[in-house]
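# Observations on the three-dimensional arrangement
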Protein chains: 2
Amino acid sequence: MRNIKIDIEYDGTDFIGWQRQATGRSVQAEIETVLRTVTDEYVVITGAGRTDAGVHARGQVANFKIESPIGTIDLKRALNGLLPDDIVIHGVEEVDDRFSARYSARERTYRYFISTKLTAIERRFCWQLFYPLELDRMREACGIIARTTDFQSFCRANSGVDNYLCTISEATWEIQPSGMLVFLVKANRFLHGMVRALVGTMVDVGRGYLTIQEFQDIIAARDRKRAGMAAPPHGLFLEQVLYGDVSWERFPASN
Amino acid sequence: MRNIKIDIEYDGTDFIGWQRQATGRSVQAEIETVLRTVTDEYVVITGAGRTDAGVHARGQVANFKIESPIGTIDLKRALNGLLPDDIVIHGVEEVDDRFSARYSARERTYRYFISTKLTAIERRFCWQLFYPLELDRMREACGIIARTTDFQSFCRANSGVDNYLCTISEATWEIQPSGMLVFLVKANRFLHGMVRALVGTMVDVGRGYLTIQEFQDIIAARDRKRAGMAAPPHGLFLEQVLYGDVSWERFPASN
């Protein structure tokens, strides 16, 4: 079997999320359906991150196994020709058999966009929030989360993981010239709903509902009920997934 | 009667254009319907520019006359509360009775966006073009159009105007960090379909289908059939309309 890696952009607006479900339009199912047409094989794809309904991606990565000898350039052309226009494949390459888009990932980058004024044109791609936010305090919160710690307070219940340790290597809030606020966060892994819970809680800090000490206490509590509301999905973008050259070495013989 | 000026942003994707027509969803009709609800008067609004179906606006301007004593802050709140989410009112102010959003305008600014790679997220807001474009040649064409001349070759037939003289005060092509090509153009007036015809013809220059000399000949011909195809509407944004402080002086007693 050949192992194929693809780089994917999608507008999450009209999807139930990345993952195939019994009903509804998922990114995974759309791509699998087209792969079935192109290769005449039943293909199952694995994504680097399972984005929720409404979440967008500029740099989602997936991999899948096929027998078909189709060239990567032809495969890319066929995928983009047959996929709906809210999914675009930016790269197709053949990779080592042990590579997994999900388990070989070293680092994932997300961005979250907040508009502090009403917007028609950007409405599908940001959270529109009309109360004043103190960016300095939100940046102080960034300093607190940028480390290795237990993030259970920002993980949706029943997520099925057995540990909540994540290493956040970078977390910043910036203002774009247009006035859009942008949260950038990089980590080795993210728990289910983590970025949206972090943004919702940091917004509570920025509007003065939580002190920095309370924000620290929320992390220490390891309890999702203590943190703020999840920010809405349509402000969130999966921007990039990084892999090391030997990232599949963790899975030697068994795969 | 009070004369009210409003600043409008809209996502043109789902509109038949600015102007009210017998059937279909127009920006003008949506705003007029809401004004009828708010003021209980039949209000007719005049826009600075009649954008075509699919064209967006960040800075459209309109004005209308009402008897209602409603304050401008309340009116803005009521409009944004009742309008669909693809129209946003950014400003409401009471102006001199002689002010006309259309006839008092001194300068209009448009931007046109071209993506040279496939994109899902930006697909409603740019023209996706996959052949190489020589930006230097397109910039040379900018130098040729940035003046006062007859632009009939870039005006849709039967547009009902009696002269085609326009003064283009600025015309540039820039590349954004994302790779998006942006055409910026400012003029005292624009003819019907002019920006899209200019972009379509400049793209023909950029891909080597037309020489600069041929581009000059097209302008001199004063014949729409000589120019290139109109670029698609969804890459076009009406960005800004400027008015002088005494801009309504052109219309003294009669209005």
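Since we're looking at a predicted model, the values are computed, not measured.

Reading the values: rules and limits
Residues numbered from 1 in each chain as written. Chains lettered and ligands numbered in written order. Predicted model: local features only at pLDDT ≥ 70, side-chain atom pairs only at ≥ 80, totals over all residues. Heavy atoms only, no water. Axes fitted to C-alpha atoms, helices over the stretch in contact; angles between N-to-C directions. Helix = DSSP H or I, 4+ residues; strand = E, 2+ residues; numbered from the N terminus. Parallel < 35°, antiparallel > 145°, perpendicular 65-115°, else oblique. Left-handed = near helix turned anticlockwise from the far one by under 90°. Contact = heavy atoms within 4.5 Å. Domains from an automatic or database assignment. Salt bridge = Lys/Arg side-chain N within 4 Å of Asp/Glu carboxyl O. Nonpolar A, V, L, I, M, F, W, Y, C, P; charged D, E, K, R; others polar. Least-squares fit on C-alpha atoms with pLDDT ≥ 70 in both.

### Focus: the packing of helix α4 (residues 194-206) of chain A against helix α5 (residues 212-221) of chain A
Residues and elements named next belong to chain A.
- Packing of α4 against α5 brings their axes to within 9 Å, and their N-to-C directions diverge by 160 degrees. Compared by their axis directions, α4 and α5 come out roughly antiparallel. In this structure, the crossing between α4 and α5 has a hand that is right-handed. Residue-level contacts link Thr 201, Met 202 and Val 205 of α4 to Ile 212, Phe 215 and Ile 218 of α5.

### A word on the domain arrangement of chain A
Residues and elements named next belong to chain A.
- Taken domain by domain, chain A comprises domain 1 (2-104) and domain 2 (107-239).
- The C-alpha centroid of domain 2 is placed 27 Å from the C-alpha centroid of domain 1.
- On the side of domain 2, 13 residues touch domain 1, which itself brings 15 residues to the contact.
- At the boundary of domain 1 with domain 2, the tally comes to three salt bridges.
- For Arg 156, the salt bridge identified is with Asp 52, shortest N-O distance 2.9 Å.
- Class assignment for the residues of the side of domain 1 that touches domain 2 results in five nonpolar, six polar and four charged.

### Let's talk about the relation of the copies chain B and chain A
- Least-squares fitting of chain B to chain A yields an RMSD of 0.0 Å, with the superposition described by an axial translation of 0.0 Å and a rotation of 180 degrees. Taken together, the rotation and translation relating the two chain copies correspond to the operation of a two-fold axis. Judged by C-alpha distance, Glu122(B) is the residue of chain B that lies nearest the rotation axis, at 5.1 Å.
- Of the interface residues in chain B, 100% have counterparts in chain A that sit at the interface too, so the contact is made through matching surfaces.

### Thoughts on the environment of Lys5(B)
- Following the sequence through the fold, Lys5(B) ends up in strand β1 (residues 2-10).
- Lys5(B) has contacts with Val61(B), Ala62(B), Asn63(B), Gly91(B), Val92(B), Glu93(B), Val95(B), Phe99(B) and Tyr243(B), leaving out every residue within four places of it along the chain.

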